[in-house]
Amino acid sequence: MPGSRVTKQLTVTLDSETAARLQKRADEVGMKPEQLVAALVRDDDKDDHVDASDIADLEARWAEVQTGGETVRQQEVTHWLKAWGTVDSKPWPTSR
């Protein structure tokens, strides 16, 4: 945890299966279990809610692609992403 944060110790009792899964996941990402839990709790208030209209929009876009709608090659997307933050950075084209 960053040194600038004030820390408070909290003891949480977990069943053995949950504790093992927490430890395994923490090991996988190179963190201590308490660091992983803190990161998950901090990230929990991020707005990642997807509502029905978002899903409907994605389904409509996918249906358009499946029926021959416009697509962009992965190589073009990769080139565009690699240019972010450089002098070659450009906004995504509005029409292709």
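Rules used throughout
- Residues numbered from 1 in each chain as written.
- Predicted model: local features only at pLDDT ≥ 70, side-chain atom pairs only at ≥ 80, totals over all residues.
- Heavy atoms only, no water.
- Helix = DSSP H or I, 4+ residues; strand = E, 2+ residues; numbered from the N terminus.
- Salt bridge = Lys/Arg side-chain N within 4 Å of Asp/Glu carboxyl O.
- Phe/Tyr/Trp six-rings, centres within 6.5 Å; stacked < 30°, edge-to-face > 60°.
- Buried < 20%, exposed > 50% of the residue type's maximum accessible area, 1.4 Å probe, protein only.
- Expected span 1.5 Å × (residues − 1).
- Polar contact = N/O pair within 3.5 Å; in protein donor to acceptor, adjacent residues only side chain to side chain.

Asker: Residue-level account of the overall build of the chain, with values.
Answerer: Per the secondary structure count, the chain includes 4 helices and 0 strands. Counted from the first residue to the last, the chain has its helices and strands arranged as α-α-α-α.

Asker: Now, about the pattern of salt bridges: what can you tell me, with residues and values included?
Answerer: For the structure shown, the criterion picks out 4 salt bridges. A salt bridge links K24 to E28, with the shortest nitrogen-to-oxygen separation between them at 3.3 Å. Of this pair, K24 and E28 both sit in helix α1 (residues 16-28), 4 residues apart, roughly one helical turn. One connected set of salt bridges, linked through shared partners, spans K24, R25 and E28.

Asker: A description of the packing of aromatic side chains should follow, citing residues and the corresponding values.
Answerer: The tally for this structure, following the rule as stated, stands at 2 aromatic pairs. An angle of 85° between the planes, with centres 5.2 Å apart, marks the rings of W80 and W84 as edge-to-face. Take W80: its relative accessible area is 22%, and that puts it in the partly exposed class. Taking 4.7 Å as the distance between ring centres and 75° as the angle between the ring planes, the aromatic pair formed by W80 and W92 counts as edge-to-face.

Asker: Which residues make up α1, and what values go with them?
Answerer: For α1, built from 13 residues, the straight-helix expectation of 18 Å at 1.5 Å per residue is met to within 8% by its first-to-last C-alpha distance of 18 Å. Measuring from the backbone nitrogen of E17 back to the side-chain oxygen at the start of α1 gives 3.1 Å, which picks out D15 as the cap. Directly beyond the C-terminal end of α1, a positive phi value near 70° is found at G30.

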